[in-house]
2 protein chains.
Amino acid sequence: MTTAGASKPPMRDALVAAALQLFEERGFDQTTIDDIVALAGVGRRSFFRYFPSKESVVFPDHDGCLAEMTAFLADPAGDAEDPVLRACDAAKLVLRLYSADPGFSVRRYRLTRAVPALRQHELSVVWRYERALADYLRIRFAARPDGRLRGDVIAAAVVAGHNHALRGWLRADGEGDVHAAVTEALDYVARTWESGPGPAADEPEDDVMVLVARRGTPMWRVVQGVQTALDHG
Amino acid sequence: MTTAGASKPPMRDALVAAALQLFEERGFDQTTIDDIVALAGVGRRSFFRYFPSKESVVFPDHDGCLAEMTAFLADPAGDAEDPVLRACDAAKLVLRLYSADPGFSVRRYRLTRAVPALRQHELSVVWRYERALADYLRIRFAARPDGRLRGDVIAAAVVAGHNHALRGWLRADGEGDVHAAVTEALDYVARTWESGPGPAADEPEDDVMVLVARRGTPMWRVVQGVQTALDHG
């Protein structure tokens with residue numbers, strides 16, 4: 001790496017690239033902040049202008065992404081949207097951050113698996129996103145007696161669904177369509193709570209289904225019966 | 001605190017009590033491990049026999065609780081139970097740990113709110129429980145195409161529901177019935193996914209319900225109709 005030439009990255013990017021390279025080559029614990037600034041060709045004080053700690057240097061864009069998510073959720077334009085779908089859309093801002101640079105994301109993923117300090121830092125990053133989503137959902141569900149609990153539970157489910165798909169992609173070295181995978185996982189979460197889409201336009205509207213059940217029938221059997229009729233009818 | 005006398009606690013308990021007292025009195029950052037062992041009246045090596053770090057000393061029983069949870073989930077006695085209900089019961093082992101010593105739990109809660117290093121440590125403690133629940137649920141849902149995703153999402157929801165109720169109790173200085181609050185929150189999560197209880201014993205068994213719906217009717221409307229019939233029929 002060199003800091004000279006036409007393609008010279010900004011100082012912050014140079015620090016991130018140097019840190020990642022050294023963590024991979026020498027190990028996280030064996031790398032000092034002095035090593036990073038030396039390789040990046042910047043002064044020690046520059047490091048702390050951008051990053052509060054050695055851990056945070058490989059999670060450089062999450063503060064900005066969290067601010068973006070918070071602004072997105074605060075935008076009145078989303079007030080008409082289903083709250084759960086809005087939270088899922090907000091989570092996709094994190095996906096966009098990871099998918100913008102697959103190579104970097106995959107390298108960082110490998111490091112976080114191997115270095116407990118980075119894993120712990122990542123948990124606090126994820127936790128901040130989850131709190132932002134929960135704060136939003138609690139407000140949207142404020143009229144419900146279960147609003148705060150519902151907000152917390154759905155926020156956790158959104159984050160878990162998003163990260164399930166994202167981690168699958170990272171484990172596969174960034175191969176495959178991560179946008180489709182995350183969308184599918186978030187749809188799964190959304191279907192659990194939101195009211196679901198209306199009937200498809202090309203579906204016959206006057207096709208009638210009749211279900212007969214004893215009143216004691218468990219709900220899951222009723223749903224199973226309905227689903228089977230819809231799928232195979 | 002003294003280490004002499006009839007009520008002398010085991011060395012490990014003495015270290016925990018000393019650490020909590022010093023973190024409260026001087027602050028976490030201003031307390032060294034040497035300060036803790038001096039107050040506890042034990043040697044420095046004893047500290048590291050029990051705890052890998054200064055953070056872990058105020059989360060002393062979570063390794064044991066995680067082992068208990070893992071054993072509970074591995075017990076074939078639970079195989080006949082609904083997987084989600086079983087995961088909820090497993091989460092209650094954590095509740096039991098917190099409610100066994102409300103005074104200690106409340107003091108630690110205040111510290112974790114104030115000290116980022118302890119907050120981060122707590123996140124990794126919570127994450128380990130969530131992984132244990134997810135690993136269990138993934139196996140129980142292994143036959144489903146969505147089994148791994150479902151396992152991750154439900155594990156996150158169980159943890160969020162449990163912690164929602166637990167944190168409410170800790171914020172209220174340990175006042176109120178935390179068992180009832182956690183049970184209510186976990187019932188909320190369980191109702192979202194599990195098949196629901198069977199019919200009540202006193203329900204007429206041959207009471208028949210007939211539901212007629214257009215085939216295009218969204219599933220949620222069908223379920224709503226069935227639920228309304230069951231509730232008010």
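Everything numeric in this text was worked out from a predicted model, so none of it was measured.

Reading the values: rules and limits
- Residues numbered from 1 in each chain as written.
- Chains lettered and ligands numbered in written order.
- Predicted model: local features only at pLDDT ≥ 70, side-chain atom pairs only at ≥ 80, totals over all residues.
- Heavy atoms only, no water.
- Helix = DSSP H or I, 4+ residues; strand = E, 2+ residues; numbered from the N terminus.
- Buried < 20%, exposed > 50% of the residue type's maximum accessible area, 1.4 Å probe, protein only.
- Contact = heavy atoms within 4.5 Å.
- Areas by Shrake-Rupley, 256 points an atom, 1.4 Å probe, with all protein chains shown as cover.
- Core = buried A, V, L, I, M, F, W, Y, C linked by side-chain atoms within 4.5 Å.
- Salt bridge = Lys/Arg side-chain N within 4 Å of Asp/Glu carboxyl O.
- Axes fitted to C-alpha atoms, helices over the stretch in contact; angles between N-to-C directions.
- Parallel < 35°, antiparallel > 145°, perpendicular 65-115°, else oblique.
- Left-handed = near helix turned anticlockwise from the far one by under 90°.
- Nonpolar A, V, L, I, M, F, W, Y, C, P; charged D, E, K, R; others polar.
- Expected span 1.5 Å × (residues − 1).
- Polar contact = N/O pair within 3.5 Å; in protein donor to acceptor, adjacent residues only side chain to side chain.
- Phe/Tyr/Trp six-rings, centres within 6.5 Å; stacked < 30°, edge-to-face > 60°.
- Lys NZ or Arg CZ within 6 Å of the ring centre and 35° of its normal.
- UniProt positions renumbered as here; feature names shortened; annotations may be inferred.
- pLDDT = per-residue confidence, 0-100.

1. Concerning the overall build of chain A
Thinking step 1. If you tally the helices and strands in chain A, you get 10 helices and 1 strand.
Thinking step 2. The secondary structure elements of chain A, listed N-terminal to C-terminal, are α-α-α-α-α-α-α-α-α-β-α.
Thinking step 3. Residues counted as buried form 47% of the 233 residues belonging to chain A.
Thinking step 4. Sequence separation of at least 24 residues holds for 64% of the intrachain contacts in chain A that already meet a minimum separation of 6.
Thinking step 5. Summing over all exposed atoms, chain A offers an accessible surface of approximately 11,500 Å²; the carbon and sulfur share of this is 53%.

2. Regarding the environment of V178(A)
Residues and elements named next belong to chain A.
Thinking step 1. Structurally, V178 is set in helix α9 (residues 178-193).
Thinking step 2. V178 sits in the buried class, given a relative accessible area of 3%.
Thinking step 3. A C-alpha to C-alpha distance of 7.1 Å links V178 and A165, two positions 13 residues apart in sequence.
Thinking step 4. Not counting residues within four places of it along the chain, the set of residues in contact with V178 comprises L95, S99, L166 and W169.

3. What about the nonpolar core?
Thinking step 1. The biggest cluster of nonpolar side chains holds 88 residues, and the ones touching the most others in it are M69(A), L133(A), V158(A), M69(B), L133(B) and V158(B).
Thinking step 2. Setting aside residues up to four positions removed in sequence, L133(B) forms contacts with M69(B), L73(B), A87(B), A90(B), A155(B), V158(B) and V159(B).

4. What to know about the pattern of salt bridges
Thinking step 1. In total, this model carries 27 salt bridges over all chains according to the counting rule given.
Thinking step 2. We note a salt bridge from R119(A) to E122(A), for which the minimum N-O separation is 2.4 Å. Of this pair, R119(A) and E122(A) both sit in helix α7 (residues 116-140), separated by 3 residues, roughly a single helical turn.
Thinking step 3. Notably, a salt bridge pairs D152(A) with R131(A), separated by 3.6 Å at the nearest N-O pair. Of this pair, D152(A) sits in helix α8 (residues 147-171) while R131(A) sits in helix α7; the two residues are 21 residues apart in sequence, bridging distant segments of the chain.
Thinking step 4. In this structure D152(A) comes out as buried when scored by relative accessible area, which is 2%.
Thinking step 5. Through salt bridges with shared partners, one network takes in R131(A), R138(A), D152(A) and R167(B).

5. Quick look at the packing of helix α5 (residues 83-99) of chain B against helix α8 (residues 147-171) of chain B
All names here are of chain B.
Thinking step 1. Across the interface, α5 lies against α8 with an axial gap of 10 Å and an inter-helix angle of 30°. By the angle class used here, α5 and α8 are roughly parallel. The interaxial crossing formed by α5 with α8 has right-handed handedness. Residues V84, A87, C88, A91, V94, L95, Y98 and S99 of α5 touch α8, and the partners they reach there are I154, V158, H162, L166, W169 and L170.
Thinking step 2. Residue composition of the contact of α5 with α8, by class: 12 nonpolar, 2 polar and no charged.

6. Notes on α5(B)
Residues and elements named next belong to chain B.
Thinking step 1. The terminal C-alpha atoms of α5, which comprises 17 residues, lie 25 Å apart, in line with the 24 Å expected from a rise of 1.5 Å per residue.
Thinking step 2. Turning to α5, its buried residues number three or more, namely P83, V84, R86, A87, C88, A90, A91, L93, V94, L95, Y98 and S99.
Thinking step 3. The backbone nitrogen of V84 lies 2.8 Å from a side-chain oxygen of the residue at the head of α5, namely D82.

7. Notes on the packing of aromatic side chains
The geometry of an aromatic ring pair is captured by two quantities: the separation of the ring centres and the angle between the planes.
All names here are of chain A.
Thinking step 1. A complete count under the given rule lists 9 aromatic pairs over all chains for this structure.
Thinking step 2. Geometrically, the ring pair formed by F23 and F28 is edge-to-face, given 4.8 Å between the ring centres and 65° between the ring planes.
Thinking step 3. By relative accessible area, F23 is classed as buried at 2%.
Thinking step 4. Looking at F28, the relative accessible area reads 5%, which means it is buried.
Thinking step 5. Feature note: the residues F47, F48, Y50 and F51 constitute an aromatic cluster, connected by ring pairs.
Thinking step 6. If you follow K54 out to its NZ or CZ, it ends over the ring of F28, 4.3 Å from the centre.
Thinking step 7. Sitting over the ring of F72, R86 keeps its end group 3.8 Å from the ring centre.

8. A few points about the UniProt feature "DNA-binding region" (unreviewed entry) in chain A
Thinking step 1. In the numbering adopted here, UniProt assigns the feature "DNA-binding region" (unreviewed entry) to residues 32-51 of chain A.
Thinking step 2. When the span residues 32-51 of chain A is considered, its composition is 75% helix and 0% strand, and the gap between its end C-alpha atoms is 14 Å.

9. With respect to the confidence of the model for chain A
Close inspection of predicted coordinates is inappropriate for parts of the model with low pLDDT.
Residues and elements named next belong to chain A.
Thinking step 1. Across chain A, the average pLDDT comes to 86, with 79% of residues at 70 or higher.
Thinking step 2. Here helix α10 (residues 219-232) stands out as the element of chain A with the lowest mean pLDDT, 56, in contrast to α8, whose mean of 98 is the highest.
Thinking step 3. Contacts for the low-pLDDT stretch residues 1-8, under 50 throughout, to residues beyond four places or in other chains number 8 contacts.
Thinking step 4. Note on residues 195-206: pLDDT is under 50 here. Beyond four places in sequence and across chains, it has 11 contacts.

10. What to know about the environment of R119(B)
Thinking step 1. Among the residues examined, R119(B) registers a relative accessible area of 13% and is labelled buried.
Thinking step 2. Once the C-alpha coordinates of R119(B) and Y109(B) are considered, the two residues, 10 residues apart in sequence, prove to be 9.1 Å apart.
Thinking step 3. Not counting residues up to four positions away in its chain, the partners in contact with R119(B) are W127(A), T112(B) and R113(B).

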